[in-house]
Amino acid sequence: MDLPVSLILALRQVERVAVLTGAGVSQESGLRTFRDPQVGLWAQYRPEELASPEGFARNPKLVWDWYAWRREAVKGARPNPGHYALAEMERRIAHFTLITQNVDGLHRMAGSQKVLELHGNIQRVRCSACGHPAETWENDLEGVPRCERCGGLLRPDVVWFGEALPRAELEAAVEAARTCQAFFSIGTSGIVQPAASLPFAARNNGAMVVEINLEPTPLTGKAHFFLQGKSGEILPALVRAVWPAERA
Ligand code: OAD
């Protein structure tokens, strides 16, 4: 795709950038998104059964098994060119904050240093009762492992529907959105709060908003630039255009 020259020139000037990513960024790594028709996880599974405290209380084994299955998928996944391009952007921009809703850890694997994981990390496990983190575990007779300290049921250290986001990460994300000169929203449907409001906070504070997505979203009409296509193709092209090799 042809990238707008005005965007390329503007990005050469900015020193403060914030980026919000969603499941679409990892789609080219073979991981499923949540809301894409047919293939999205929520097309096949009910969020309230699998990703809520109530669902876990009703059927802990179902929830544990679903996350164990996703954890295995994540273990086999590798970053794609979109993840690497974002790590490269971090090296080029003085103040760069990467905010992700993804729990797969692929941004760090690609070399991103400053990553705010708003929805937790699927590789981490903690006790649902006392919060104690668990490094290893064994399934008990009911198929759900228990905390070595208090005997409570272990759960993935991710944010479920109805739960609060980690406070420090959210505060840092809001601060980055409010103070950046350019805000990118990439591969997210933009409907899960509070992450969905970050690009609007950025825009209200004068930032240029750039969206990269396969499809328009509720943000698209408010974005200064909408780059339609795959993040794994657009982001490397953008990095090459803004920082060509001779400027490296
Ligand atoms: P969604 O599945 O809602 O949205 C994925 C977005 O990525 C869609 O808008 C797609 O059009 C777009 N997309 C897909 N493939 C892409 C590609 N290769 N390049 C660019 N865009 C692409 O995922 P999220 O917005 O991340 O929360 O969902 C937000 C939250 O809802 C998740 O963190 C999760 C879920 O419920 C919790 O589990 C708490």
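Relevant structure appears above.
For clarity, every value in this text was computed on a predicted model and none was experimentally measured.

Criteria and cut-off values
Residues numbered from 1 in each chain as written. Predicted model: local features only at pLDDT ≥ 70, side-chain atom pairs only at ≥ 80, totals over all residues. Heavy atoms only, no water. Helix = DSSP H or I, 4+ residues; strand = E, 2+ residues; numbered from the N terminus. Rg over C-alpha atoms; globule rule 2.2 N^0.38 Å. Buried < 20%, exposed > 50% of the residue type's maximum accessible area, 1.4 Å probe, protein only. Contact = heavy atoms within 4.5 Å. Areas by Shrake-Rupley, 256 points an atom, 1.4 Å probe, with all protein chains shown as cover. Lys, Arg positive; Asp, Glu negative; His and termini not counted. Charge placed at Lys NZ, Arg CZ, Asp CG, Glu CD. Pairing = 2+ DSSP bridges. Axes fitted to C-alpha atoms, helices over the stretch in contact; angles between N-to-C directions. Parallel < 35°, antiparallel > 145°, perpendicular 65-115°, else oblique. Left-handed = near helix turned anticlockwise from the far one by under 90°. Phe/Tyr/Trp six-rings, centres within 6.5 Å; stacked < 30°, edge-to-face > 60°. Lys NZ or Arg CZ within 6 Å of the ring centre and 35° of its normal. Near = heavy atom within 4 Å. Polar contact = N/O pair within 3.5 Å; in protein donor to acceptor, adjacent residues only side chain to side chain. Nonpolar A, V, L, I, M, F, W, Y, C, P; charged D, E, K, R; others polar.

Draft legend 1. Representation of the overall build of the protein chain. Each helix and strand in the protein chain was counted, giving eleven helices and nine strands. A compact globule built from 248 residues would reach a C-alpha radius of gyration of about 18 Å, and the protein chain, at 19 Å, matches this within 12%. C-alpha extents for the protein chain along the principal axes are approximately 60 × 35 × 35 Å. For the protein chain, the residues scored as buried account for 50% of the 248 residues in total. Long-range pairs, those at least 24 residues apart, make up 65% of the contacts in the protein chain between residues at least 6 apart in sequence. Summing over all exposed atoms, the protein chain offers an accessible surface of approximately 12200 Å²; the carbon and sulfur share of this is 50%. Of the charged side chains in the protein chain, 27 are positive and 27 negative, and the gap between their average positions amounts to 3 Å.

Draft legend 2. Spatial organisation of the sheet that holds strand β9 (residues 225–228). Read across the open sheet, the six strands follow the order β3-β2-β1-β7-β8-β9; overall the sheet is parallel. The sheet terminates laterally at β3 (115–117) and β9, the two strands that pair on one side only. The sheet shows a mean angle of 15 degrees between the axes of neighbouring strands, taken without regard to direction. Inspection of the sheet shows strand β1 (residues 16–21) paired to strand β7 (residues 182–186) by five bridges, in the parallel sense. Opposite Thr21, over in β7, you have Ile186 as the bridge partner. Sheet contacts for helix α1 (residues 5–13): β7, β8 (208–213) and β9; angle to β8, the most-contacted strand, approximately 120 degrees. Contacts between helix α7 (residues 81–92) and the sheet are confined to β1, β2 (95–100) and β7, with β2 contributing the most and set at about 150 degrees to the helix.

Draft legend 3. Geometry of the packing of α1 against helix α11 (residues 231–242). Here α1 crosses α11 at 65 degrees, and the two axes come no closer than 9 Å. Relative to α11, α1 is oriented roughly perpendicular. Here the hand of the crossing between α1 and α11 comes out right-handed. Contact residues: Leu7, Ile8, Leu11 and Arg12 in α1; Leu238, Ala241 and Val242 in α11.

Draft legend 4. Region of the structure containing the packing of aromatic side chains. Under the defined criterion, the tally for this structure stands at nine aromatic pairs. Between the aromatic rings of Trp66 and Tyr67, the centroid separation amounts to 5.0 Å while the plane-to-plane angle is 85 degrees, which identifies the pairing as edge-to-face. For Trp66, a relative accessible area of 5% puts it in the buried group. Clustering of aromatic rings is evident, with ring pairs tying together Phe34, Trp42, Tyr45, Phe56, Trp66, Tyr67, Trp69, Trp160 and Phe161. Between Arg155 and the ring centre of Trp160, over which it is positioned, the NZ or CZ distance is 3.8 Å.

Draft legend 5. Quick look at the side chain of Ser26. Within the fold, Ser26 resides in helix α2 (residues 24–27). Exposure remark for Ser26: the relative accessible area of 2% places this residue in the buried category. Beyond its immediate chain neighbours, meaning those up to four positions away, Ser26 contacts Leu31, Asn80, His83, Asn102, Asp104 and Leu106.

Draft legend 6. Examining the site of the ligand more closely. Contacts to the ligand come from 24 residues, most closely from Phe34, Arg35, Thr188, Ser189 and Asn213. Measuring from an oxygen atom of the ligand, one finds a side-chain N or O atom of Arg35 at 2.7 Å. A distance of 2.7 Å separates an oxygen atom of the ligand from a polar side-chain atom of Thr188. Considering the ligand on its own, with 790 Å² of exposed area, one finds that the protein chains cover 96% of that surface. For the shell around the ligand, the per-class residue count stands at seven nonpolar, twelve polar and five charged.

Draft legend 7. Structural view of the sheet that holds strand β4 (residues 120–127). An order of β5-β4-β6 is seen for the three strands of this open sheet, with the pairing classed as antiparallel. In this open sheet, the two edge strands, each paired with only one partner strand, are β5 (133–134) and β6 (154–158). Across the sheet, helix α6 (residues 60–75) is in contact with β4 and β6; its angle to β4 comes to roughly 140 degrees.

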